[in-house]
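Here are the chains, one letter per residue:
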Amino acid sequence: MSVFLLRRFATFLLTLLVASVVVFAVLELLPGNAAEIILGDTATPESLAALNTKLGLDRPVLTRYADWMAGLAQGRTANSISYDTPTAELIAERLRVTLPLALIAMALTTVLALALGVYAASRHNGIGDVGVMAASQIGIAIPNFWFAILLILLFAVKLQWVSAGGFPGWTEDDGGGLWEGLQALILPAIALALVQAAILARVTRSAVLEVMREDFVRTARAKGLTRRQALWRHVLRNAMIPVLTVMGLQFANLITGTIVVENVFVLPGVGRLIFQAISNRDLVVVRDVVMLLAAVVVIVNFVVDVLYALIDPRLRHGG
Amino acid sequence: MSSSFVTRALRHPSFVLGALLSVFMAGAAALSLLWSPYPPAEIDIPNKLAAPSAAHWLGTDSLGRDIASQLLVGAQNSIVVGVIAVGIGLGLGVFFGCLASARRGWVEELVMRAADFTFAFPALLSAIMLTAIYGPGLVMSIVAIGIFNIPVFARITRGAANAVWSREYVLAARTSGKGAVRITLDHVLPNIASQLIVQATISFATAILAEAALSYLGLGTQPPQPSWGRMLNEAQSQMFQAPMLAVYPGVAIVLSVLGLNLLGDGLRDLMDPKLARRR
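Residues numbered from 1 in each chain as written. Chains lettered and ligands numbered in written order. Predicted model: local features only at pLDDT ≥ 70, side-chain atom pairs only at ≥ 80, totals over all residues.

Considering the overall build of chain A
Assigned secondary structure in chain A consists of 13 helices and zero strands. The order of α-helices and β-strands along chain A, N terminus first, is α-α-α-α-α-α-α-α-α-α-α-α-α. Summarising its shape, the C-alpha atoms of chain A cover approximately 85 × 55 × 35 Å along the three principal directions. The buried share among the 319 residues of chain A stands at 36%. The contacts in chain A between residues at least 6 apart in sequence include a share of 68% that link residues at least 24 apart. (Helix = DSSP H or I, 4+ residues; strand = E, 2+ residues; numbered from the N terminus. Buried ≥ 20, exposed ≤ 12 C-beta atoms within 10 Å, placed from the backbone. Contact = placed C-beta atoms within 7 Å.)

Remarks on the environment of Ser215(B)
Counting through the fold element by element, Ser215(B) comes out in helix 8 (residues 180–216). Counting along the chain gives 207 residues from Ser215(B) to Arg8(B), while the straight-line C-alpha distance between them is 39 Å.

Focus on the environment of Leu263(B)
Residue and element names in this part refer to chain B. With respect to the helices and strands, the residue Leu263 is situated in helix 10 (residues 248–271). Its 26 C-beta neighbours within 10 Å are what place Leu263 among the buried residues. Non-local contacts of Leu263, meaning those with residues more than four positions away in its chain, are made with Phe15, Gly18, Ala19, Ser22 and Thr201.

Examining unusual backbone geometry
Excluding glycine, most residues fall at negative phi; most peptide bonds, likewise, are trans. Following Pro223(B), the chain continues to Pro224(B) via a peptide bond in cis, the omega torsion being 5 degrees. Within the secondary structure, Pro224(B) sits in the loop between helix 8 and helix 9 (228–236). A positive phi is found at Asp84(A), a non-glycine position, where the angle reads about 55 degrees. Following the sequence through the fold, Asp84(A) ends up in the loop between helix 4 (61–73) and helix 5 (87–122). Of note, the phi angle at Leu49(B) is positive, near 50 degrees, even though the residue is not glycine. When the 14 C-beta atoms within 10 Å are taken as the criterion, Leu49(B) is described as partly exposed.

Description of the environment of Gly117(A)
Residue and element names in this part refer to chain A. By the secondary structure assignment, Gly117 is in helix 5. In this structure Gly117 comes out as buried when scored by C-beta crowding, with 25 C-beta atoms within 10 Å. Taking the C-alpha atoms as reference, Gly117 lies 33 Å from Val157; in sequence the two are 40 residues apart. If near-sequence neighbours (up to four positions away) are discounted, Gly117 is found in contact with Leu200, Ala201, Thr204, Arg205 and Val208.

Digging into the packing of helix 6 (residues 127–141) of chain A against helix 10 of chain B
As a packed pair, helix 6 of chain A and helix 10 of chain B sit with axes 8 Å apart at the nearest point and diverge in direction by 120 degrees. When the axis of helix 6 of chain A is compared with that of helix 10 of chain B, the two are oblique. Considering only the axes of helix 6 of chain A and helix 10 of chain B, their crossing is right-handed. Together, Gln137(A), Ile138(A), Ile140(A) and Ala141(A) of helix 6 of chain A and Val254(B), Val257(B), Leu258(B), Asn261(B) and Leu262(B) of helix 10 of chain B make up the contact between the two elements. Looking at the contact of helix 6 of chain A with helix 10 of chain B, its residues break down into seven nonpolar, two polar and no charged. (Axes fitted to C-alpha atoms, helices over the stretch in contact; angles between N-to-C directions. Parallel < 35°, antiparallel > 145°, perpendicular 65-115°, else oblique. Left-handed = near helix turned anticlockwise from the far one by under 90°. Nonpolar A, V, L, I, M, F, W, Y, C, P; charged D, E, K, R; others polar.)

Considerations on the packing of helix 6 of chain A against helix 8 (residues 178–212) of chain A
Residue and element names in this part refer to chain A. Running from amino to carboxyl end, helix 6 crosses helix 8 at an angle of 135 degrees, the nearest separation of the two axes being 8 Å. Compared by their axis directions, helix 6 and helix 8 come out oblique. Relative to helix 8, the crossing made by helix 6 is left-handed. Facing Val132, Ser136, Gly139 and Ile140 of helix 6, the residues of helix 8 in contact are Leu194, Val195, Ala198, Ile199, Ala201 and Arg202. Across the contact of helix 6 with helix 8, the residue classes break down as seven nonpolar, two polar and one charged.

Thoughts on the interface of chain B and chain A
A common way to express how large an interface is: the accessible area buried when the components associate. Of the residues lining the interface, 31 residues belong to chain B; the matching set on chain A comes to 36 residues. Residue assignment for the side of chain B that touches chain A shows that the elements contributing at least two residues are helix 4 (105–118), helix 5 (123–134), helix 8, helix 9 and helix 10 of chain B. Residue classes in the side of chain B that touches chain A are distributed as 26 nonpolar, four polar and one charged.

Thoughts on the nonpolar core
If you look at the biggest cluster of nonpolar residues, it comprises 155 residues, and the most contacted ones within it are Ala148(A), Ile274(A), Val286(A), Val290(A), Ala294(A), Ile128(B) and Ala213(B). Ranked by residue count, the leading element in this core is helix 8 of chain A, at 19 residues. Not counting residues up to four positions away in its chain, the partners in contact with Val290(A) are Val23(A), Leu125(B), Ile128(B) and Met129(B). (Core = buried A, V, L, I, M, F, W, Y, C linked by C-beta atoms within 7 Å.)

Considering helix 6 of chain A
For helix 6 of chain A, spanning 15 residues, the distance from its first C-alpha to its last is 22 Å, which sits close to the expected 21 Å at 1.5 Å a residue. Among the residues of helix 6 of chain A, Val132(A), Ser136(A), Gly139(A), Ile140(A) and Ala141(A) are the ones counted as buried. Close packing links the buried residues of helix 6 of chain A with helix 5 and helix 8 of chain A together with helix 10 of chain B. (Expected span 1.5 Å × (residues − 1).)

Brief notes about the confidence of the model for chain B
When pLDDT is averaged across chain B, the result is 90; 97% of the residues are at 70 or more. The complex prediction reports pTM at 0.90, with the ipTM value standing at 0.91. (pLDDT = per-residue confidence, 0-100.)

Written out as structure tokens, the structure is:
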């Protein structure tokens, strides 16, 4: 077990390292000079030189990369060009919206998908199964940002129950509160969860069906367990492996989905931050946010792999 | 294609529905090359936000542009993105997958680790990085979606090709002196083609969704070229006056993606009957 974990941990660190090199290379080396991109075609040589010095672009590449890495490791980041604040502070502030949004969406996805998937499997080839499968096929085809727009059309434009976007803040000092904040996140979370749940429900259904055909389930039934008991005690636990795999893969979609959906609902989260950073040509923010998001994807995949090993002992011995 | 395949295909509901929707989308794109009710970028302010009528079947947008024409020409855009982005993924992914499978050892390890690593950068993240430097545009979004497709195809190719390499007829070919390149071309590729076709169909659908999202954010297709994603972006600011403008492009995206996904599912069932029976 520990050998498996060590090996997986080494791969994880290596992936993070390579990701950082790619992000650094793409954003700092390829285009020639970041200062030129930030200032545009009309920049004078003097203003270019000044920005180069300010951004530290006059230093050797390796020193800049090492500084960036050392800074990230110590939680110390460069200042954003447009906000003149350390990017870590900006990101931390925006995560107060993005993180709850992602977590609510993930929770909704899991509950919906497991319920629908298990229901469809237990009604295999019946009307319930066909209905769930048809609905999920359509769900997969719906872009999350369009579903978000439809939700706004229904609940904000037609019924006028909620506002069409924006975020009031988590505290009364900001003009909001816990309930107001949650209210602002519920439609975006539903928009994110629908598509993910559609995919996951299909995976859950086929995983449950697959395990139901196994001999040990038949043995359990022969011992006198009802269908329901066998499902809860034996099938679900074993069906979780493919479900977890897909959930891990979906996390990347959830992250990118958040960027888009935050923009639909004008939520001040990380997605909106990076989007504004692109418009402002704030390459420092783009670099750090892209690195953060890539790191989150890599970390989640690592955690999923470790979870597999805990669920299925065969995997840790197979390495 | 044998006649029994065609007969089975015609009896497969999701294949038929998927094929119909896909042909409809391709037909719309082809038609728009020759004809559309109006030039899609033609601005007609006096007629802005017009309701559907005989003159404008689906009405007009806030600049008086004809919605039906924009939807028709927008289909071209989605198809171009899908074909090129899947082409990049298919070309490079199949090459690396075959290489990994034929050489095994450290080459396989390297290719697979590189594929794992590329998954850390979903298409949207790559697109954001590229756009931050080169500015928004169709080419950048195609490149970003294409890059994301490479590991998808590399993994599928390698898995399927490894299975072919362990078959007796490949062993026979090797003992008769055929090289790795010859075996890959003569035996591996023809045997994994069906899986690649299925994946290409599904990746095409994903590419359409990704391009729509990028264009919605303003990072993809730029004006005056119509795109479904950007139509949705523009419609959002008119939601209170003209809510239907935010509905049509979405329906176009859903029908196209649904069609391709159903087609892919149908092809998988038809090409692998064993799998179909177990589903």
